[in-house]
Amino acid sequence: MPELPEVETVRQGLSRWVTGRRLAAVEVRHPRAVRRHAAGPDDFSAVLTGRTLGEAQRRGKYLWLPLDSGDALVGHLGMSGQFLVLPADAADGPHLRVRFSFADGDSQLRFVDQRTFGGLAVSPGGAQLPAEIAHIAPDPFDPLFDADRFVAALRKKKTGVKRALLDQTLISGVGNIYADEALWRAQLHGERPADRLSPAQARELLAEVVAVLQEAITAGGTSFDALYVNVNGESGYFDRSLHAYGRAGLPCDRCGAPMRRESFMNRSSFSCPRCQPPPRTS
DNA sequence: CGCGCCTCCTGTGTGC
DNA sequence: TGCACACAGGAGGCGC
């Protein structure tokens, strides 16, 4: 479940292992992986071959690698996407979608994706900020992020505060896991109406979002299973620090009450029934 | 235009 | 043992 900390960990790995290298060949093994590349898989390979990769960039959960052509290779990991740096002779796994071979021949970059929600595309002229990403808000670590603007926008949303946190046009990078963690820390139930938060509550919630994302980056992200790993195939260890996500029935780390699980948008929300009382209307 | 629901995917776990 | 089904969920797209 890659969210901002997991994607940032991958970005750091790409920066270390592929920045500055020249692509010798790009092999699309599954067309769905490049469905967002309008010109099709053959064009995807053609425009990338021979290009040199620049410094890996990230906004929210999107990644991009600027190219020396002025275009950019844009990627989203979706649910289960992985970028792996592997020896060229390593066996192909069953979920290999795209193989990037380098002119130096020392290792390969592979895009592997079990559930195929992730995808890659080349964004024409997108080296600075790909058009595919321009519609989402800056994430809270972006110098362009404006906390006052976020707080004001959040307090105008006619929806629950968790839905608002997951709205990538309001703040990017937050997914189901870190939304639940930030709400637990802020002692707010996710169905609390966003437009009824006080300015202080909204600022506190943002502070908790930033804190939990930063701590998770330091831990290398959250891994529940083999679906999230860094570019070297290693798991993150933030799962040991989770207070809400996946803890249904376990005692709240703050008050001891059994944590609850609720259905939300065809998925799950975890919260403490005592520390995070639901609003009366829901 | 804002909001919320549906859909795309596949592997794992569970219950009958 | 095998089958059916729930579940995991980011984000585009569409209906209201």
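Throughout what follows, the structure given in this document is the object of discussion. (Residues numbered from 1 in each chain as written. Chains lettered and ligands numbered in written order. Predicted model: local features only at pLDDT ≥ 70, side-chain atom pairs only at ≥ 80, totals over all residues. Heavy atoms only, no water.)

With that settled, consider the sheet that holds strand β2 (residues 57–59). Here four strands make up an open sheet; going across it, the order is β2-β3-β4-β8 and the pairing antiparallel. Two strands close off the open sheet at either side, each with one partner strand: β2 and β8 (119–123). Across the sheet, the axes of successive neighbouring strands diverge by a mean angle of 25°, strand direction being ignored. As defined by bridge partners, strand β3 (residues 62–66) adjoins strand β4 (residues 72–76) across five bridges and the pair is classed as antiparallel. Among the inter-strand pairings, L65 is bridged to a residue of β4, identified as L73. (Pairing = 2+ DSSP bridges. Helix = DSSP H or I, 4+ residues; strand = E, 2+ residues; numbered from the N terminus. Axes fitted to C-alpha atoms, helices over the stretch in contact; angles between N-to-C directions.)

What follows covers the protein's contact with DNA strand C. The environment of DNA strand C is formed by 16 residues, the closest being Y62, H76, F117, Y245 and S268. Backbone sugar and phosphate groups make up 62% of those atoms of DNA strand C lying within 4 Å of the protein. Between DNA strand C and the protein, one listed contact pairs a phosphate oxygen with a side-chain N or O atom of K61 at 3.3 Å. Here a base nitrogen of DNA strand C sits 3.2 Å away from a polar atom, N or O, in the side chain of R115. By residue class, the composition of the surface near DNA strand C is five nonpolar, six polar and five charged. (Near = heavy atom within 4 Å. Polar contact = N/O pair within 3.5 Å; in protein donor to acceptor, adjacent residues only side chain to side chain. Nonpolar A, V, L, I, M, F, W, Y, C, P; charged D, E, K, R; others polar.)

What follows is about the pattern of salt bridges. Scanning the entire structure with this criterion turns up 18 salt bridges. For the salt bridge of D139 with R58, the shortest nitrogen-to-oxygen distance reads 2.9 Å. Of this pair, D139 sits in the loop between β8 and α3 (147–154) while R58 sits in strand β2, placing them 81 residues apart in sequence. A relative accessible area of 14% places R58 in the buried class. For the salt bridge of R99 with D92, the shortest nitrogen-to-oxygen distance reads 2.8 Å. Take D92: its relative accessible area is 37%, and that puts it in the partly exposed class. (Salt bridge = Lys/Arg side-chain N within 4 Å of Asp/Glu carboxyl O. Buried < 20%, exposed > 50% of the residue type's maximum accessible area, 1.4 Å probe, protein only.)

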